[in-house]
Amino acid sequence: MKLNERSVAHYATCNSPPDKTGFLFKKGERNTAYHRRWFILKGNMLFYFEERESREPIGVIVLEGCTVELCESESEEFAFAVKFDCAKAKVYKMAAENQAAMESWVKALSRASFDYMRLVVKELERQLEEVQEEARSSQAKSKPKKHQLQPQGAASFQPATISLQNATITGPLQEGVSSRENGVSWSKPLSVPNGVSDTQEDCSERGDGVRPPPVPPRRKTNGGSLESPVSPGTGCFSKLHD
Amino acid sequence: MRFNEKELVFLSRQPPERAAELGMRGPKKGDVVKRRVVKLIVNFLFYFRTDEDEPIGALLLEQCRVEREDDQVFSIVFLDEAERKYLFECDSQEQCVEWIDAIVKASYEFMRKNLIYYRTEIHRLTGTDPLEQYGISDETRFQVFLVLQSASIHHCHLLCFL
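All of these numbers come straight from a predicted model, not from anything done at the bench.

1. Digging into the overall build of chain B
Helix and strand counts for chain B come out as four helices and eight strands. Shown N-terminal to C-terminal, the secondary structure of chain B runs as helices and strands in the order β-α-β-β-β-β-β-β-β-α-α-α. Counting across all 162 residues of chain B, residues that qualify as buried make up 58%. Per element, the accessible surface of chain B, about 6,500 Å² overall, is 44% carbon and sulfur.

2. A few points about helix H2 (residues 93–104) of chain B
Residues and elements named next belong to chain B. With twelve residues, H2 extends 17 Å between its outermost C-alpha atoms, agreeing within 8% with the 16 Å of an ideal straight helix rising 1.5 Å per residue. All buried positions along H2 are accounted for by Gln 95, Cys 96, Trp 99, Ile 100, Ala 102, Ile 103 and Val 104. Considering only its buried residues, H2 is in contact with strand S2 (18–25), strand S3 (34–41), strand S4 (44–49), strand S6 (64–70), strand S7 (73–78) and helix H3 (108–126).

3. Remarks on the UniProt feature "domain: PH" (unreviewed entry) in chain B
Mapped onto the present numbering, the UniProt feature "domain: PH" (unreviewed entry) falls at residues 15–108 of chain B. Annotated as residues 15–108 of chain B, this span is 14% helix and 47% strand, and its ends, taken at the C-alpha atoms, are 18 Å apart.

4. Considering the UniProt feature "domain: PH" (unreviewed entry) in chain A
Mapped onto the present numbering, the UniProt feature "domain: PH" (unreviewed entry) falls on residues 17–114 of chain A. Here residues 17–114 of chain A is 13% helix and 43% strand, with 17 Å between the C-alpha atoms at its ends.

5. Regarding unusual backbone geometry
Residues and elements named next belong to chain A. Phi at Phe 78 takes a positive value of approximately 55°, unusual for a residue other than glycine. When you line up the elements, Phe 78 lands in the loop between strand S6 (66–70) and strand S7 (79–84). Judged by relative accessible area, which is 23%, Phe 78 ranks as partly exposed.

6. Regarding the confidence of the model for chain A
All names here are of chain A. For chain A, per-residue confidence averages 70 on the pLDDT scale, and 58% of positions sit at 70 or higher. Ranking the helices and strands of chain A by mean pLDDT puts strand S4 (residues 45–49) first, with 97, and helix H4 (residues 237–240) last, with 63. In this model residues 145–210 is a low-confidence stretch, pLDDT under 50, and it forms 137 contacts with partners more than four residues away in sequence or in other chains. This model gives residues 217–235 a pLDDT under 50, and the stretch forms 56 contacts once residues within four places in sequence are excluded.

7. Notes on the packing of helix H3 (residues 114–141) of chain A against H3 of chain B
Between two packed helices, what matters for the description is the angle formed by their axes and the separation of those axes. One way to put it is that H3 of chain A packs onto H3 of chain B with a least axis distance of 9 Å and a crossing angle of 30°. Our classification of the angle between H3 of chain A and H3 of chain B gives roughly parallel. Of the two possible hands of crossing, H3 of chain A and H3 of chain B adopt the one that is left-handed. From H3 of chain A, Phe 114, Met 117, Arg 118, Val 120, Val 121, Leu 124, Glu 125, Gln 127, Leu 128, Val 131 and Gln 132 of chain A reach across to H3 of chain B, where they touch Tyr 108, Met 111, Arg 112, Asn 114, Leu 115, Tyr 117, Tyr 118, Arg 119, Glu 121, Ile 122, Leu 125 and Thr 126 of chain B. Residues that form the contact of H3 of chain A with H3 of chain B fall into these classes: 14 nonpolar, four polar and five charged.

8. Comments concerning the packing of aromatic side chains
Tallied over the full model, the rule gives ten aromatic pairs over all chains. Measuring from ring centre to ring centre gives 6.3 Å for Phe 39 of chain A and Trp 105 of chain A, while their planes differ by 70°; the resulting arrangement is edge-to-face. Here Phe 39 of chain A is found in strand S3 (residues 34–42), whereas its partner Trp 105 of chain A is found in helix H2 (residues 99–110), with 66 residues between them in sequence. Note on accessibility: Phe 39 of chain A and Trp 105 of chain A belong to one class, buried. Ring pairing ties together the aromatic residues Phe 39, Tyr 48 and Trp 105 of chain A, which thus form one cluster. The ring of Phe 48 of chain B carries the charged tip of Lys 39 of chain B above its face, separated from the ring centre by 4.9 Å.

9. So, the nonpolar core
Of all hydrophobic cores here, the largest spans 42 residues; its most connected members are Met 45 and Phe 47 of chain A together with Leu 8, Phe 44, Phe 46, Leu 115 and Phe 142 of chain B. Residue-level mapping places this core at the junction of two domains, with at least three residues from each of domain 1 (5–98) and domain 2 (109–160) of chain B. Not counting residues within four places of it along the chain, the set of residues in contact with Leu 115 of chain B comprises Met 117, Val 120, Val 121 and Leu 124 of chain A together with Leu 131 and Phe 142 of chain B. Within the second largest apolar cluster, 26 residues are counted, among which are Met 24, Val 38, Cys 90 and Phe 110 of chain B.

10. Overview of the pairing of S7 of chain A
Residue and element names in this part refer to chain A. Across the six residues that make up S7, a large majority, five, are buried. In this sheet, S7 lies alongside S6 in antiparallel orientation, the contact comprising five bridges. Residue pairing for S7: Leu 70 is matched across the bridge by Phe 80. Here S7 hands over to strand S8 (residues 91–95) after six residues, with Lys 88 in that stretch at a positive phi of 55°.

11. Focus: the sheet that holds S4 of chain B
Spatial ordering of the open sheet is given by S1(A)-S5(B)-S4(B)-S3(B)-S2(B)-S8(B)-S7(B)-S6(B), a layout of eight strands whose pairing is mixed. What marks the edges here is a single partner per strand, and that holds for strand S1 (2–3) of chain A together with S6 of chain B. Strands S2, S3, S4, S6 and S7 of chain B of the sheet are contacted by H2 of chain B, whose axis makes an angle of about 170° with S6 of chain B.

12. With respect to the pairing of S4 of chain B
Residue and element names in this part refer to chain B. Within S4, five of the six residues are buried, which leaves the element mostly enclosed by the surrounding structure. Connecting S3 to the next strand, S4, in antiparallel fashion are two residues, including Val 42 with a positive phi near 40°. Pairing between S4 and strand S5 (residues 57–60): four bridges, direction antiparallel. In the sheet register, Phe 46 faces S5, and the bridge partner there is Ala 58.

13. Here we look at the environment of Glu 83 of chain B
All names here are of chain B. Within the secondary structure, Glu 83 sits in the loop between S7 and strand S8 (85–89). Under the relative-accessibility criterion, Glu 83 is labelled exposed at 65%. Expressed as a C-alpha distance, the spacing of Glu 83 and Ile 103, which sit 20 residues apart in the sequence, is 19 Å.

Cut-offs applied
- Residues numbered from 1 in each chain as written.
- Chains lettered and ligands numbered in written order.
- Predicted model: local features only at pLDDT ≥ 70, side-chain atom pairs only at ≥ 80, totals over all residues.
- Heavy atoms only, no water.
- Helix = DSSP H or I, 4+ residues; strand = E, 2+ residues; numbered from the N terminus.
- Buried < 20%, exposed > 50% of the residue type's maximum accessible area, 1.4 Å probe, protein only.
- Areas by Shrake-Rupley, 256 points an atom, 1.4 Å probe, with all protein chains shown as cover.
- Expected span 1.5 Å × (residues − 1).
- Contact = heavy atoms within 4.5 Å.
- UniProt positions renumbered as here; feature names shortened; annotations may be inferred.
- pLDDT = per-residue confidence, 0-100.
- Axes fitted to C-alpha atoms, helices over the stretch in contact; angles between N-to-C directions.
- Parallel < 35°, antiparallel > 145°, perpendicular 65-115°, else oblique.
- Left-handed = near helix turned anticlockwise from the far one by under 90°.
- Nonpolar A, V, L, I, M, F, W, Y, C, P; charged D, E, K, R; others polar.
- Phe/Tyr/Trp six-rings, centres within 6.5 Å; stacked < 30°, edge-to-face > 60°.
- Lys NZ or Arg CZ within 6 Å of the ring centre and 35° of its normal.
- Core = buried A, V, L, I, M, F, W, Y, C linked by side-chain atoms within 4.5 Å.
- Domains from an automatic or database assignment.
- Pairing = 2+ DSSP bridges.

Structure follows, in structure tokens:
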């Protein structure tokens, strides 16, 4: 199967910051010894290079539908494996240089999938709507008290005064987001406090984060449940981080 | 460059975000338009011969630009080789617009920007970082500095998440 390899390799080394980098030992695919490689994790792609200075990756592992597990290895401590669910799938064995690095990589890799990112985005999108809805209704109820939920200091907040108190987002987390499978469309007007409109942007790369972004694409799953066929077990957001 | 082809083929069998038979033309001189079944799944665009189950190829949709070429035609161009265009011919203007929209939103980096936006807004409105309760607020992938190069929001306010 063809792949736009040159562009994929470019994604590895282009100026967008990677999610994680570091040396790992990787068990060879033909030669089964462990080789030290330089790894770059970006999005759902794990690239590996012969050396840190190498300009082109030796290879890439697409991290969609995989699980990451600790594993026993006779020769390596701090070993873990990236496994896929499909028939005759490869198992990618890697080893870190210490316990902390291993834990950090396992965590990063297990959250690297597009599906996971999509779940988090949907969850935050839902929360924001709730918050905005609350802001609207509390504004409607008590006219003289304006902008109850907005912090002091207009559109800016000073880092020093950020307090991470308990959320004012009330209500229990909904189980997954299945109730919104047919839900929100961004064509309904949202009164965003900073006065930004939610007109659809039409086409190409966008950098301005000022407008409320459109809903990311939803994968159609069987039975309308959130259980992704590719990454089992990621159905319910609130349980994802237990 | 090696890649986990079997796993990608397996991915191509998952329920797509969007799928259609389109006219597709490759980027090389001399490439002609061919009917292909095109499937959008996560940040990949797979393309198949109309009667085959295994994809001929896949395009990773990161670092690319999607443009309207004509009423019913859009193109995908990868930023590292902007002269090479993949062309897609749709059956209607509506289909063309929908595909462009879907592909733009299909990149991991696009989702990351959304997430930063939501996180920042929720924090601004409530004073709380919504990722705290899940213990993932320190994850690199959710950090604001990753989009400072492209965001036009006030940068200094976002640095508080670092």
